[in-house]
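Read off the chains here:
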Number of protein chains: 2
Amino acid sequence: MSNIQGKSVVFIGAGGLAWSLSVALHAAGIRVIQIVSPNILNGQALAKKMGATHATSFKDIAHADFYFLALPDRVIESVAKSISFPPNAFVIHSSGSVYLNSLSALFPNAGVLYPLQTFTRGRVVSLDNVPIFVEAATEQSLSIITTLASTITTNVIAINSEQRRNIHLAGVIANNFTNYLLELGDEWMEANGFSLHLLQPLMAETVKKAFEVSPSLSQTGPASRLDTSVVETHLKMLANLPELQKLYGVFSDSIIAKTKLRNYNDTKK
Amino acid sequence: MSNIQGKSVVFIGAGGLAWSLSVALHAAGIRVIQIVSPNILNGQALAKKMGATHATSFKDIAHADFYFLALPDRVIESVAKSISFPPNAFVIHSSGSVYLNSLSALFPNAGVLYPLQTFTRGRVVSLDNVPIFVEAATEQSLSIITTLASTITTNVIAINSEQRRNIHLAGVIANNFTNYLLELGDEWMEANGFSLHLLQPLMAETVKKAFEVSPSLSQTGPASRLDTSVVETHLKMLANLPELQKLYGVFSDSIIAKTKLRNYNDTKK
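## Details of the domain arrangement of chain A
Residue and element names in this part refer to chain A.
In step 1: For chain A, the assigned domains read domain 1 (8–159) and domain 2 (166–268).
In step 2: Between domain 1 and domain 2, the residue contacts involve seven residues of the former and four residues of the latter.
In step 3: Between domain 1 and domain 2 lies a buried interface of about 410 Å² when both sides are counted; carbon and sulfur atoms form 74% of it.
In step 4: In terms of surface lost to domain 2, no three residues of domain 1 exceed Y114, L116 and T118, which account for 55% of the buried area on that side.
In step 5: Our enumeration of links across domain 1 and domain 2 arrives at zero salt bridges.
In step 6: Counting the contacts that link domain 1 with domain 2 gives zero residue pairs in polar contact (both at pLDDT 80 or more).
In step 7: Class assignment of the residues belonging to the side of domain 1 that touches domain 2 gives a composition of four nonpolar, three polar and no charged.

## Side note on the interface of chain A and chain B
In step 1: With 85 residues of chain A in contact, the opposing surface of chain B contributes 85 residues.
In step 2: Around 8300 Å² of area is buried between chain A and chain B when both sides are counted, 67% of it from carbon and sulfur atoms.
In step 3: When the area that chain A buries against chain B is broken down by residue, the three leading residues are R123(A), F177(A) and F211(A), summing to 10%.
In step 4: Summed over the shared surface of chain A and chain B, the result is 10 salt bridges.
In step 5: Here K258(A) ties to E187(B) by a salt bridge, and the two come within 2.4 Å at their closest N and O atoms.
In step 6: Counting only elements with at least two residues in the side of chain A that touches chain B, the list comes to α6 (161–191), α7 (200–213), α8 (215–218), α9 (228–237) and α10 (242–268) of chain A.
In step 7: For the side of chain A that touches chain B, the element with the most residues is α6(A), which contributes 25 residues.

## Notes on the packing of α7(A) against helix α6 (residues 161–191) of chain B
In step 1: One can describe the packing of α7(A) onto α6(B) by two numbers: an axis separation of 10 Å at closest approach and a directional angle of 25°. When the interaxial angle is binned, α7(A) and α6(B) end up roughly parallel. For the pair α7(A) and α6(B), the sense of crossing is right-handed. Contacts from L202(A), M203(A), T206(A), A210(A) and F211(A) in α7(A) reach G171(B), A174(B), N175(B), T178(B), N179(B) and L182(B) in α6(B).
In step 2: Of the residues contributing to the contact of α7(A) with α6(B), the split by class is six nonpolar, five polar and no charged.

## Some thoughts on the UniProt feature "domain: DUF2520" (unreviewed entry) in chain A
In step 1: Sites flagged by UniProt as "domain: DUF2520" (unreviewed entry) map to residues 130–254 of chain A.
In step 2: A distance of 31 Å separates the end C-alpha atoms of residues 130–254 of chain A, which is 67% helix and 6% strand.

## Digging into the pattern of salt bridges
In step 1: For the structure shown, the criterion picks out 14 salt bridges over all chains.
In step 2: In this structure, E205(B) and R123(A) form a salt bridge, with 2.8 Å as the shortest nitrogen-oxygen distance. Of the two residues, E205(B) is situated in helix α7 (residues 200–213) and R123(A) in the loop between β6 (109–115) and β7 (132–136); the pairing between them involves two chains.
In step 3: Two residues, R123(A) and E212(B), come together in a salt bridge whose shortest N-O distance is 2.9 Å. Residue R123(A) is found in the loop between β6 and β7, and its partner E212(B) is found in helix α7; the two belong to separate chains.

## Here's the deal with the relation of the copies chain A and chain B
In step 1: Superposing chain A onto chain B takes a rotation of 180° combined with a translation of 0.0 Å along the rotation axis, leaving an RMSD of 0.1 Å. Classification of the inter-copy transformation places it as that of a two-fold axis. When C-alpha positions in chain A are compared against the rotation axis, the closest is assigned to T178(A), at 2.9 Å.
In step 2: Comparing interface residues between copies, 100% of those in chain A also sit at the interface in chain B, which points to an isologous, same-surface contact.

## What to know about the UniProt feature "domain: Pyrroline-5-carboxylate reductase catalytic N-terminal" (unreviewed entry) in chain A
In step 1: Mapped onto the present numbering, the UniProt feature "domain: Pyrroline-5-carboxylate reductase catalytic N-terminal" (unreviewed entry) falls on residues 9–85 of chain A.
In step 2: Summarising residues 9–85 of chain A: 39% helix, 22% strand, and an end-to-end C-alpha distance of 13 Å.

## What about helix α1 (residues 16–27) of chain A?
Residues and elements named next belong to chain A.
In step 1: Taking 1.5 Å per residue as the helical rise, α1 with its 12 residues ought to reach 16 Å, and the 17 Å between its terminal C-alpha atoms agrees with that figure.
In step 2: The element α1 is largely enclosed, with a buried count of nine among its 12 residues.
In step 3: Of all the positions in α1, only G16, L17, A18, W19, S20, L21, S22, A24 and L25 are classed as buried.
In step 4: Check the buried side of α1 and you find it contacts β1 (8–12), β2 (31–36), α2 (40–50), β4 (66–69), β6 and α5 (139–150).
In step 5: One or two residues past the end of α1 sits G29, with phi positive at roughly 95°.

## Some details on the packing of aromatic side chains
In step 1: One pass over the structure, following the stated rule, counts 18 aromatic pairs over all chains.
In step 2: Judged by centre distance (4.4 Å) and plane angle (0°), the ring pair of F177(A) and F251(B) falls under stacked. Highlighted residues: F177(A) in helix α6 and F251(B) in helix α10 (residues 242–268), drawn from two different chains.
In step 3: Between the aromatic rings of F85(B) and F107(B), the centroid separation amounts to 5.3 Å while the plane-to-plane angle is 90°, which identifies the pairing as edge-to-face. Highlighted residues: F85(B) in the loop between α3 (73–82) and β5 (90–93) and F107(B) in the loop between α4 (101–104) and β6 (109–115), separated in sequence by 22 residues. Neither residue differs from the other here; F85(B) and F107(B) are each classed as buried.
In step 4: An aromatic cluster is present here, built from F177(A), Y180(A), Y248(A), F251(A), F177(B), Y180(B), Y248(B) and F251(B) joined pairwise through their rings.

Cut-offs applied
- Residues numbered from 1 in each chain as written.
- Chains lettered and ligands numbered in written order.
- Predicted model: local features only at pLDDT ≥ 70, side-chain atom pairs only at ≥ 80, totals over all residues.
- Heavy atoms only, no water.
- Domains from an automatic or database assignment.
- Contact = heavy atoms within 4.5 Å.
- Buried area = accessible area lost by both parts, 1.4 Å probe.
- Salt bridge = Lys/Arg side-chain N within 4 Å of Asp/Glu carboxyl O.
- Polar contact = N/O pair within 3.5 Å; in protein donor to acceptor, adjacent residues only side chain to side chain.
- Nonpolar A, V, L, I, M, F, W, Y, C, P; charged D, E, K, R; others polar.
- Helix = DSSP H or I, 4+ residues; strand = E, 2+ residues; numbered from the N terminus.
- Axes fitted to C-alpha atoms, helices over the stretch in contact; angles between N-to-C directions.
- Parallel < 35°, antiparallel > 145°, perpendicular 65-115°, else oblique.
- Left-handed = near helix turned anticlockwise from the far one by under 90°.
- UniProt positions renumbered as here; feature names shortened; annotations may be inferred.
- Least-squares fit on C-alpha atoms with pLDDT ≥ 70 in both.
- Expected span 1.5 Å × (residues − 1).
- Buried < 20%, exposed > 50% of the residue type's maximum accessible area, 1.4 Å probe, protein only.
- Phe/Tyr/Trp six-rings, centres within 6.5 Å; stacked < 30°, edge-to-face > 60°.

This is the structure we're talking about:
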């Protein structure tokens, strides 16, 4: 596959991943020719955006160079088994935690193209600098999927399924838990008559500093100062939000323990 | 104080807050005339940057319009008591959790100017859009400190000490805990041979989406999908990092409980 431009892609699924990935591939000169989704509203909307056709049934699947299974992890394998793909179809999933062999056992040309990013339906995210992890069972397939991924990001990395699962876990922690902290923070701010948006410049700087300086050198706050009286006061203030109170306690205990260990190690140097 | 430009400021302390605040005030046309800090290296470096003098002793304090106690919370009151300020000195602290009356009981002109931001020594952060919360005991003092804060940010908000403590707690949660997640994430990535920097585009989008869409509508991941088999797998994968494993468990339990409650409430609508 010397020239990837002009190749055709079918998306099975029309969620957040399908939206961002199809927009990126389209911009790179790949033809998104069909969206297959039982959800008529989402499927038609994405198909319209791509100038593609929309099918609700797997029976009506078009002939294409690539098939993206843009589906929840737990249905990827069963949907792959239920579709009659053309012979030699190149079938790809984009999951962080599903093993390659769930597809490579079914198709000679199978691969994984996993962008380390969070997707929400209707929200198109640029993939320009997003790490995309690729995997395939044969050298030829890996070369093709690497070329494909290289059209949409500057950062393509070949890894195996185990490594991808480790990366996925880091992504869950960084993304899901930070977002959850902001959700609970939102409740706290609202309960006190303030908008979450007051925290926006702080969060922007927190993330910027962690990556520029390193998170271990960026830690501030009462727990890292071993200021247990402020920690105790904060725990009491959170009495009406028990979920946030519990997380506050676990975080503070952990930060205090780590700080004490660091101080102890520093005295031994 | 009809014209704030050209007024003079003394900083007591030369840490991260003093650096960013003095740079911002200087840029706004306020004269930073002296840095008082027993730490010769930090105090001299900041004084040089400001074209100010440096004093190591509180006895040598200069005459100025404003005095900033840029100090750790627990020493603000005792240091304020130990300094012979000129009569009618306007004395200000920048702490999120110290009550105004720890200064206003000592000085007729006292105030709080609290920027909701994280500061690290040697790293100057722009305050242009950072919310700055102000407080003072008299209307006249509040007017003056509002004018002063307005020279360095577009977002000045007058609140009382209790409200400020609530905002400070939200800041600790958003900043300290997110940074700590990244610190533990860094350890996990390193243990698996990857760089934390692979998570940078994901974290940037996570924070952007939470503020643009709302965190409760942005939540993704296995816990919010009630995919307990992936949660169990992740907990096993983290066996060698018990602190991260514990946080993973508490977060996932909490997200699962919140999701179930939301689903239950949705069925009642």
